[in-house]
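If you want the building blocks of each chain, they are given just below.
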Amino acid sequence: QVQLVESGGGLVQAGGSLRLSCTASGRIFSVNTMGWYHQAPGKQRELVAGITSGITSGGKPNYADSVKGRFTIARDNAQNTVYLQMNSLKPEDTAVYYCYAYQVDGLLRRFDYWGQGTQVTVSS
């Protein structure tokens, strides 16, 4: 089993910044994509940003349109850690942020993992 441990959430004023971290541990063989989703009260969980492993061609990030230009995702493969730098935060960014990761074994079976979530609250 793989565990994802998140840190870095909190309360910040609009226009401020936060940095989220997520480290994977446990039975890791080849973590592929890592990233972040968020879920606001009464809404579905949505992708915020993801990044591939970058082992062969460099980690490729992708972002939700709502965070492009404000959030930056980065990854440390040696530490199995993914970071989300969130700048120019807006009240609508308020949500629980969940780290996710998946890996594929030699039999091409995919395993998905989720963190417990960290609250981000942006006050106006």
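Just so it is clear, the model here is predicted, and its values are computed rather than measured. Counting starts from 1 at the beginning of each chain's written sequence and moves along it residue by residue. Confidence filtering applies because this is a predicted model: local features only for residues at pLDDT of at least 70, side-chain atom pairs given and counted only at 80 or more, and all residues used for totals across whole chains, interfaces and linings. Hydrogens and water molecules were not included; the side-chain quantities draw on all heavy atoms of the structure.

**Q** So, the state of the cysteines: which residues are in play, and what are the values?
**A** The definition used for a disulfide is geometric: two cysteine sulfur atoms within 2.5 Å. In the structure shown here, the tally under the stated rule is one disulfide. There is a disulfide in this structure between Cys22 and Cys99, and the S-S distance comes to 2.0 Å. Here Cys22 and Cys99 share a disulfide; its torsion about the S-S bond, -80°, makes the bridge left-handed. Here Cys22, found in strand β3 (residues 18-26), pairs with Cys99, found in strand β9 (residues 95-104); they are 77 residues apart in sequence, far enough to count as distant. Burial here depends on accessible area, computed with a 1.4 Å probe over protein chains only, as a share of the maximum for the residue type. Under 20% is buried, over 50% is exposed, and the range in between is partly exposed. Given a relative accessible area of 0%, Cys99 falls into the buried group. In this text, helices come from DSSP runs of H or I with a minimum length of four residues, and strands from runs of E with a minimum of two, each type numbered from the N-terminal end.

**Q** I'd like a description of the pairing of strand β7 (residues 71-76), backed by residues and values.
**A** Where burial is concerned, the two faces of β7 differ: the one with Phe71, Ile73 and Arg75 is buried and the one with Thr72, Ala74 and Asp76 is not. DSSP bridges decide pairing: two strands pair if at least two such bridges lie between them. Direction of pairing for β7 relative to strand β8 (residues 81-86): antiparallel, over a ladder of six bridges. Counterpart to Asp76 in the pairing with β8 is Thr81. A loop of four residues connects β7 with β8, the two strands running antiparallel in sequence, and Asn80 in this loop sits at a positive phi of about 50°.

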